[in-house]
Amino acid sequence: MSGRSLACARCVGKALLVVTAALCAFAARAAHAQQRVTSGWLHAIWVDPHTGRTPPAPVYVVIDDAGRWTRLSLDDATLRAAGGLSALDRRRVSVSGSVITSAPTSSTTPAISAMRVSSFDVTSSTSASTSVVASNPQMGSKPYVAILCRYSDSVAVPYSASVYAQWLGTSFPGVGSYWREISDGLMGIEGSKVVGWYTLPHPYSYYFANGSQQDPNFDALLNDCADAADADVDFTQFSGVILQFNGNASAAYGGSATLARDGQTKTYGVTWMPNWSTPATFAHEMGHTLGWTHSRGPYNQIYDSHWDVMSYPYGSYETNISPSTWVGEQTIALNKAIAGWIPASRILIPPMPSSQSVMLERSEDPTSGSGYLMLQIPMSGDGGPWYTAEARRFVGYDAHLPGEAVVLHTVDMTRPERAWVVDVDGNGDPNDAGAMWTPGETFNDSLNGITMTVDSETPTGFGVTVIRGWRLEMQAMGPGAITGSTSGSCTGRCSTVLGTRGQRVTLSATPNAGAAFTGWSGACSGTGACTLAMLGNRSVTAHFSAALTIASDSMHGNAVMGAPFADTLTATGGAGRTAWSVAKGALPAGLSLDSATGIVRGIPEAAGSYTVTITATRDSLTGSQTIQLTVVKPVLAAANVMDQLLGAATPLSTNDVRFLDLLGNRNGHLDVGDVRAWLIDTGTLESSHVASDSARVLDRAPTTPRADRTTNEPRHNPEQRP
Amino acid sequence: MILDTSDRSMRMHIGIRSVMVATCAALLVACGHDSPTQPSSHDKTVRPSVPGVLTVQLTTPHSDDAALLVTVNGSGISDVQAPSGMLLHVRQRGDTVTAALFGRIASGEVLHFSVPDVNDAAHYTAHVVQVADSTNVVRGDVEGYVVTVER
């Protein structure tokens, strides 16, 4: 390479380095220029379209201390990562992100400052409480000022100021009475004021870019309308501002804004109402001014739940409810709890594990009783998410509900719509039977161990049983008990609630004496011990068969010594062959029990009273009965006995002769030894006489001879008397 | 044999009765001449009947006999009795008397009975039918037992 060539190459290299360095510096400057940190008060403004069911996401703005508005662009993930809207709305924040300031679309449209949020830093204090109760209290008098403003290029107005004043009045139905009623008297808007119509300084197109009816300039509308009314309104006397305009818009809007008026900078609830607004729209948007989010069914639609004015504000004109000042249904219990309208004492948060039966009173116009107004049932930890349950009845502003029932919502405070109706039929309609829990119906979330059963209906609510944990229901049918590692002994029906999902429980069935365990049904099967993994509520039944019942055809009669005896035992219960046995005691000598037939038969060989327990076994059933069997001796006349012995006649029956032989020497026939035994037994011959005591003389006189009555000969030797 | 006072009294009673019977017999003989039916002195000599009591004597090989069944055969048996202290049941059929005797049975007199003529004692027989011991067991055989009828 020549020296010139080398110098040239060095020049090119230097040039490339310079260019590269310049590009890097530009890029760094550019990147730095797009990043911004904005501090101020964050506000959400909900967008509620006139038609359609899927609204845009709320508009989030940060209003700094100079009153400048910056729109925030953020996705759900970023919002939830920051704790959700509940953690941000109306709080002082520091927002980092990239500036996406849009240029004005026309010479008559102001630019809107906006930024894409990358992170939040909440600088105002937030509550660490996991309870929703009064987390955003709305108590006492909260008057609104309704400012009626018309665009500079439009004269026509939808209603006169007096109509709006009527809406906000306290007569039923109306927005004023609505808030007082659904808050159970705890909040009202008495003192509200309607002013206007004022004329705005700009035409409609100034506030809506290109006259699109969408995406209004909230900042300009609020400040221009407030400016117009400033002379007539002392803003410090009001909690909220209702901006009512005379032009059309694709949506009504409600939320809040920081406004500096009359020497005070504070957060006001603010609505931006189009010319088609109604009392129901007022109620809905005013709900947003209280910080309430939408609720919904589980179908990704916002305005489908007729259980909440914060979901469905269209009742007054879609269902032709009369009068036109009808507001709509009340709001869900969650919002009322957040507002502090349901005291903590009337919210049941069941612990884990637990089972409680309680009264759930209607949440609208509740009675003063002690029933709960809301169940808050944690799905996992107490911090949420939860299920809420509330009783809804046809009363007050709930008169036109889809039905009277217990209504459940899943609540996640980090979701854009915190409360979703639980609708188990999945048919897209959260207002039908699938979302209404009525007596006899049970909601069950086995994964989270939550069960709620509607037990009964009362004039003002419902009786419900709520269980947290995994319930093991046991039923011992018949004479026996279920014993288990966690449940003790259970007879009849019983249940226990376990606090750990998947916990293993071993159950055994123990029949009562004489009864038999015939098997499990439900979550257990077979006839052995049963081990369950409590992955959900479980129900088991142990079936026991009653003991056999033993009957006798003559067991309670007397048997006679020496006389044949038979008694047939019968057993009822069970099926199959029966095996008989003597379980305790002994049958009289000479009697035996046929183990196959149950017949007790034989010739009793000894008199006496016998206590015998007979047992019958059939399949696995056993029955026992204790019986008393008495064997008596026949009463014989002495003359007959002697006639029989001495061969003069045979007046004794075979049984009598057998008795005498059994009593005597049991050699199979009657003899003098048998008669001697009988004489002793009857006391005729003193037993002492058998002793070899020769000195003893019986006092008894000898028996004289007796004529043989069987002879045909003349009685030549009649019986002599002593 | 050991006799008690009752036995001696009975024996005295039997002696007196025998004297009375003999006296009556003498009176009948003395009055016989007045009877048209009285045989003449030249007829052959007829031994006069002597009513009286016969006894049944037992010889037993055992000492624990407690019941005895005997038969006595002979004509005109009456008034069968047992020694005091015995329980006696009797049935009579024709010339046969069957007696069951209960008590302490020992060798010696077990029965006595009246007969029309004690001179015919030889015509009376007795047999042991059954003997039971004090446990009511009947002896397997009675060959060792001897009963005799004596005046």
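Per chain, the residues get numbers from 1 upward, laid out in the order the sequence is written. Here every chain gets a letter starting at A, and every ligand a number starting at 1, in the order they are written. With pLDDT at 70 or above as the cut-off, local features in this predicted model cover only qualifying residues; side-chain atom pairs require 80 or more to be listed or tallied, and sums for whole chains, interfaces and linings still use all residues.

**Here we look at the overall build of chain B**
Phase 1: Secondary structure assignment for chain B yields 1 helix and 8 strands.
Phase 2: The secondary structure listing takes helices from DSSP runs of H or I that are at least 4 residues long and strands from runs of E that are at least 2 residues long, numbered from the N terminus. Listing every helix and strand of chain B by position from the N terminus yields α-β-β-β-β-β-β-β-β.
Phase 3: Buried means a residue has 20 or more other C-beta atoms within 10 Å of its own C-beta, exposed means 12 or fewer, and partly exposed covers the counts in between; C-beta atoms are placed from the backbone. Residue burial in chain B is summarised as follows: out of 151 residues, 32% are buried.
Phase 4: Our contact criterion uses C-beta atoms placed from the backbone: two residues qualify when those atoms are within 7 Å. The contacts of chain B with a sequence gap of at least 6 include a subset with a gap of at least 24, amounting to 75%.

**Let's talk about the overall build of chain A**
Phase 1: In terms of helices and strands, chain A carries 13 helices and 39 strands.
Phase 2: The buried share of chain A, reckoned over its 722 residues, is 43%.
Phase 3: In chain A, of all internal contacts separated by at least 6 residues, the share reaching a separation of at least 24 is 63%.

**Quick notes on the sheet that holds strand β24 (residues 480-484) of chain A**
Residues and elements named next belong to chain A.
Phase 1: Any two strands between which DSSP finds at least two bridges are classified as paired. Taking strand neighbours across the sheet as the criterion, the 4 strands line up as β25-β24-β27-β29 in an open arrangement whose pairing is antiparallel. Of all the strands in the sheet, the pair left with one neighbour each is β25 (488-490) and β29 (530-534). On average, each strand axis in the sheet is tilted by 30° relative to the strand beside it, whichever way the strands run.
Phase 2: Note: β24 against β25, 3 bridges, orientation antiparallel. Within the sheet, the bridge partner assigned to Thr-483 lies in β25 and is Ser-489. Lines fitted to C-alpha atoms define the axes here, with helix axes fitted over just the stretch in contact, and angles between the N-to-C directions of these axes take values from 0 to 180 degrees.

**Quick notes on the pairing of strand β3 (residues 69-73) of chain A**
Residue and element names in this part refer to chain A.
Phase 1: In this structure, strand β2 (residues 59-63) lies alongside β3, joined through 4 bridges in antiparallel fashion. Each bridged residue has a counterpart across the sheet, and for Ile-63 the counterpart in β3 is Trp-69.
Phase 2: Between β2 and β3, which pair antiparallel one after the other, the connecting turn spans 5 residues, and Gly-67 there sits at a positive phi close to 85°.
Phase 3: Direction of pairing for β3 relative to strand β5 (residues 114-122): parallel, over a ladder of 3 bridges. Among the inter-strand pairings, Arg-71 is bridged to a residue of β5, identified as Ala-114.

**Here we look at the sheet that holds strand β28 (residues 516-522) of chain A**
Residue and element names in this part refer to chain A.
Phase 1: Judged by pairing direction, the sheet is mixed, and its 4 strands sit side by side in the order β26-β23-β30-β28 without closing on themselves. Among the strands making up the open sheet, the edge pair consists of β26 (492-498) and β28. Along the sheet, successive strands turn relative to each other by an average axial angle of 20°, direction set aside.
Phase 2: Pairing of strand β23 (residues 470-477) with β26, which is carried by 7 bridges, proceeds in the antiparallel orientation. In the strand pairing of β26, Gln-475 is matched with Arg-493.

**A closer look at helix α11 (residues 638-646) of chain A**
Phase 1: For α11 of chain A, the full list of buried residues reads Val-641, Met-642, Asp-643, Gln-644, Leu-645 and Leu-646 of chain A.
Phase 2: Residues of α11 of chain A that are buried sit in contact with α12 (654-663) and α13 (672-682) of chain A together with β4 (87-93) and β5 (96-105) of chain B.
Phase 3: Positive backbone phi, approximately 75°, marks Gly-647 of chain A, located one or two places after α11 of chain A.

**Describing helix α5 (residues 175-182) of chain A**
All names here are of chain A.
Phase 1: Taken across its 8 residues, α5 has 7 buried, putting it largely inside the fold.
Phase 2: Taken together, the buried residues of α5 touch α4 (161-167), β8 (187-188) and α8 (279-289).
Phase 3: Positioned one or two residues after α5, Asp-184 has a phi angle of 55°, which is positive.

**Remarks on the environment of Val-70 of chain B**
Phase 1: As for its position among the elements, Val-70 of chain B is in strand β2 (residues 65-73).
Phase 2: Once residues within four sequence positions are removed from consideration, Val-70 of chain B is found in contact with Val-56, Ala-99, Ala-126, His-127, Val-128, Val-129 and Val-147 of chain B.

**Some words on the confidence of the model for chain B**
Phase 1: Note on scores: pLDDT gives the predictor's confidence for each residue, bounded by 0 and 100. Mean pLDDT over chain B stands at 79; residues scoring 70 or higher make up 71%.
Phase 2: Among the scores for the predicted complex, ipTM is 0.74 and pTM is 0.62.

**As for the environment of His-400 of chain A**
Phase 1: Among the secondary structure elements, His-400 of chain A is positioned in the loop between β17 (386-392) and β18 (405-411).
Phase 2: Expressed as a C-alpha distance, the spacing of His-400 of chain A and Glu-329 of chain A, which sit 71 residues apart in the sequence, is 7.0 Å.

**Considerations on the nonpolar core**
Phase 1: Counting 215 residues, the largest nonpolar core has Leu-243 and Val-406 of chain A together with Val-72, Ala-100 and Leu-101 of chain B as its most contacted members.
Phase 2: At 7 residues, the largest contribution of residues to this core is made by helix α7 (residues 218-229) of chain A.
Phase 3: For Val-406 of chain A, the residues in contact, after removing those within four places along its chain, are Leu-360, Ala-389, Glu-390, Ala-391, Trp-437, Val-454, Phe-462 and Val-464 of chain A. By our criterion, buried Ala, Val, Leu, Ile, Met, Phe, Trp, Tyr and Cys residues that link up through C-beta atoms within 7 Å make up a nonpolar core.

**Focus on the confidence of the model for chain A**
Segments scoring low in pLDDT should not have their predicted coordinates read at a detailed level.
Residue and element names in this part refer to chain A.
Phase 1: When the pLDDT values of chain A are averaged, the result is 84; 84% of them are 70 or greater.
Phase 2: This stretch, residues 1-33, has a pLDDT under 50; its non-local contacts, to residues over four places away or in other chains, come to 1 contact.
Phase 3: This stretch, residues 688-722, has a pLDDT under 50; its non-local contacts, to residues over four places away or in other chains, come to 57 contacts.

**Things to note about unusual backbone geometry**
All names here are of chain A.
Phase 1: The omega torsion of the bond from Gly-196 to Trp-197 falls at 5°, within 30 degrees of zero and hence cis.
Phase 2: As for its placement among the helices and strands, Trp-197 is situated in strand β9 (residues 193-199).
Phase 3: For the bond running from Met-352 to Pro-353, omega is -5°, close enough to zero to count as cis.
Phase 4: Looking at the element boundaries, Pro-353 is found in the loop between β14 (347-348) and β15 (354-361).

**Let's talk about the packing of α12 of chain A against α13 of chain A**
Residue and element names in this part refer to chain A.
Phase 1: It is at 7 Å that the axes of α12 and α13 come closest, and there the two elements cross at 85°. Considered as vectors, α12 and α13 are oriented roughly perpendicular to each other. Where α12 approaches α13, its residues Leu-660, Asp-661 and Leu-663 are matched on the opposing element by Asp-674, Val-675, Ala-677, Trp-678 and Asp-681.
Phase 2: Residues are grouped as follows: Ala, Val, Leu, Ile, Met, Phe, Trp, Tyr, Cys and Pro are nonpolar; Asp, Glu, Lys and Arg are charged; every other residue, Gly included, is polar. Class assignment of the residues belonging to the contact of α12 with α13 gives a composition of 5 nonpolar, no polar and 3 charged. We call two directions roughly parallel when the angle between them is under 35 degrees, roughly antiparallel when it is over 145, roughly perpendicular when it lies between 65 and 115, and oblique otherwise.

**Side note on the environment of Ser-96 of chain A**
Phase 1: Topologically, Ser-96 of chain A is positioned in strand β4 (residues 92-99).
Phase 2: C-alpha separation for the pair Ser-96 of chain A and Thr-38 of chain A, spaced 58 residues apart in sequence, amounts to 6.6 Å.

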